[in-house]
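This is what each chain is made of:
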Amino acid sequence: MSAGFLDRLISRKREAVLRPALPEDAEALAALHAAAFRIGWDMAEFERLLANRLTHALIATNGVGGAPVGFILLSGVAPEIEILSVAVVGARRGEGIARRLVETAFGRLAAEGFTCVFLEVEEGNAAALRLYEHTGFREIGRRAGYYRSASGAPLAAKVMRRDIA
């Protein structure tokens, strides 16, 4: 077999597989976050979050044992939890990976006694707003100036909620 064929075989898109995120995933999560957001969190921040017993995280990989292609990170104490971040690598957006991450996380959280999920999202983030609206969130408030644009202009955040039990 040619090297080109093997490269294509290895790098082809596979069904995203979800699993709990582990401390050793911190570097990959930081890279995914940095690629998805203007201000990324570093590896140390992900190590801190993943070591915290209040954190719940799922990672999506490109097939079993494959490269990370997305994640969801949440934190809270039952009955309430907050989505801290959801990210999917650009080449895999639009495949429903983020929705699967949200729905799978909510199933697990409901089984652990969580009943309510909150989040903040930049009001101009159309893709994220679509995801959250399609997964049952509703706007409950607004925080003016919560985010900053690349030029430093203040941007509002929508505060959203969804009951899961």
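This text gives an overview of the structure that appears in the document. Keep in mind the model is a prediction, meaning the values are calculated, not measured.

## A short note on the sheet that holds strand 2 (residues 55–62)
Strands sit in the order 1-2-3-4-5-7-6 across an open sheet of 7 strands; the sheet is mixed. Strands with a single pairing partner mark the edges of an open sheet, and in this sheet they are strand 1 (16–20) and strand 6 (138–148). For this sheet the average axis-to-axis angle between neighbouring strands, irrespective of direction, equals 25°. Note that strand 2 and strand 3 (residues 68–77) share 7 bridges and pair antiparallel. Residue pairing for strand 3: H56 is matched across the bridge by L74. Across the sheet, helix 3 (residues 43–51) lies against strand 2, strand 3 and strand 4 (80–88), angled at about 55° from strand 3, the strand it touches most. Contacting strand 4, strand 5 (116–122) and strand 7 (154–163), helix 5 (residues 126–134) crosses the sheet at an angle of about 160° to strand 5.

## Some remarks on the packing of aromatic side chains
The full count for this structure, using the stated rule, is 5 aromatic pairs. Consider the rings of W41 and F46, whose centres lie 5.6 Å apart with planes at 45°: the pair is tilted. Take F46: its relative accessible area is 0%, and that puts it in the buried class. For the pair F46 and F71, a centre-to-centre distance of 5.6 Å together with 85° between the ring planes defines the contact as edge-to-face. Of the two residues, F46 sits in helix 3 while F71 sits in strand 3, which places them 25 residues apart along the sequence. Accessibility expressed as a relative area gives 1% for F71, which makes it buried. Grouping aromatic residues by their ring pairs yields a cluster made of W41, F46 and F71.

## Digging into the pattern of salt bridges
Inspection of every chain in the model, using the stated rule, returns 10 salt bridges. With its nearest N and O atoms 2.8 Å apart, the salt bridge here joins R92 to E95. With relative accessibility at 39%, the residue E95 sits in the partly exposed group. Two residues, D163 and R161, come together in a salt bridge whose shortest N-O distance is 2.9 Å. The exposure class assigned to R161 is partly exposed, which follows from its relative accessible area of 24%. Salt bridges sharing common partners tie together K13, R92 and E95.

## A short note on the nonpolar core
Generally speaking, nonpolar side chains in soluble globular proteins are found buried as a group. Counting residues in each nonpolar core, the largest one holds 29 residues, and the members touching the most others are I72, L74, I83, F106, V117, Y132 and F137. Those elements that place two or more of their residues in this core are strand 1, strand 2, strand 3, strand 4, helix 4 (97–111), strand 5 and helix 5. Sort the elements by how many residues they give to this core and helix 4 lands first, with 7 residues. Ignoring any residue separated from it by four or fewer positions in sequence, one finds I83 in contact with I72, L73, L74, F106, V117, F118, L119, Y132 and F137. A30, F46, L50 and A57 belong to the second largest nonpolar core, which has 13 residues in total.

## Focus on helix 5
A128, L129, L131 and Y132 are the residues of helix 5 that are buried. Down the axis, helix 5 shows its buried residues gathered within 160° of arc, on one side only. Where helix 5 is buried, its residues contact strand 4, helix 4, strand 5 and strand 7. Downstream of helix 5 by one or two residues, G136 has phi in the positive range, about 95°.

## Brief notes about the packing of helix 2 (residues 26–36) against helix 3
It is at 8 Å that the axes of helix 2 and helix 3 come closest, and there the two elements cross at 120°. Comparing the axis directions of helix 2 and helix 3 gives the class oblique. Between helix 2 and helix 3 lies a crossing of right-handed hand. Residue-level inspection shows A26, E27, L29, A30 and H33 of helix 2 in contact with helix 3, the latter providing M43, F46, E47 and L50. Along the lines of polarity and charge, the residues of the contact of helix 2 with helix 3 split into 6 nonpolar, 1 polar and 2 charged.

Parameters at a glance
- Residues numbered from 1 in each chain as written.
- Predicted model: local features only at pLDDT ≥ 70, side-chain atom pairs only at ≥ 80, totals over all residues.
- Heavy atoms only, no water.
- Pairing = 2+ DSSP bridges.
- Helix = DSSP H or I, 4+ residues; strand = E, 2+ residues; numbered from the N terminus.
- Axes fitted to C-alpha atoms, helices over the stretch in contact; angles between N-to-C directions.
- Contact = heavy atoms within 4.5 Å.
- Phe/Tyr/Trp six-rings, centres within 6.5 Å; stacked < 30°, edge-to-face > 60°.
- Buried < 20%, exposed > 50% of the residue type's maximum accessible area, 1.4 Å probe, protein only.
- Salt bridge = Lys/Arg side-chain N within 4 Å of Asp/Glu carboxyl O.
- Core = buried A, V, L, I, M, F, W, Y, C linked by side-chain atoms within 4.5 Å.
- Arc of directions from axis to C-beta.
- Parallel < 35°, antiparallel > 145°, perpendicular 65-115°, else oblique.
- Left-handed = near helix turned anticlockwise from the far one by under 90°.
- Nonpolar A, V, L, I, M, F, W, Y, C, P; charged D, E, K, R; others polar.

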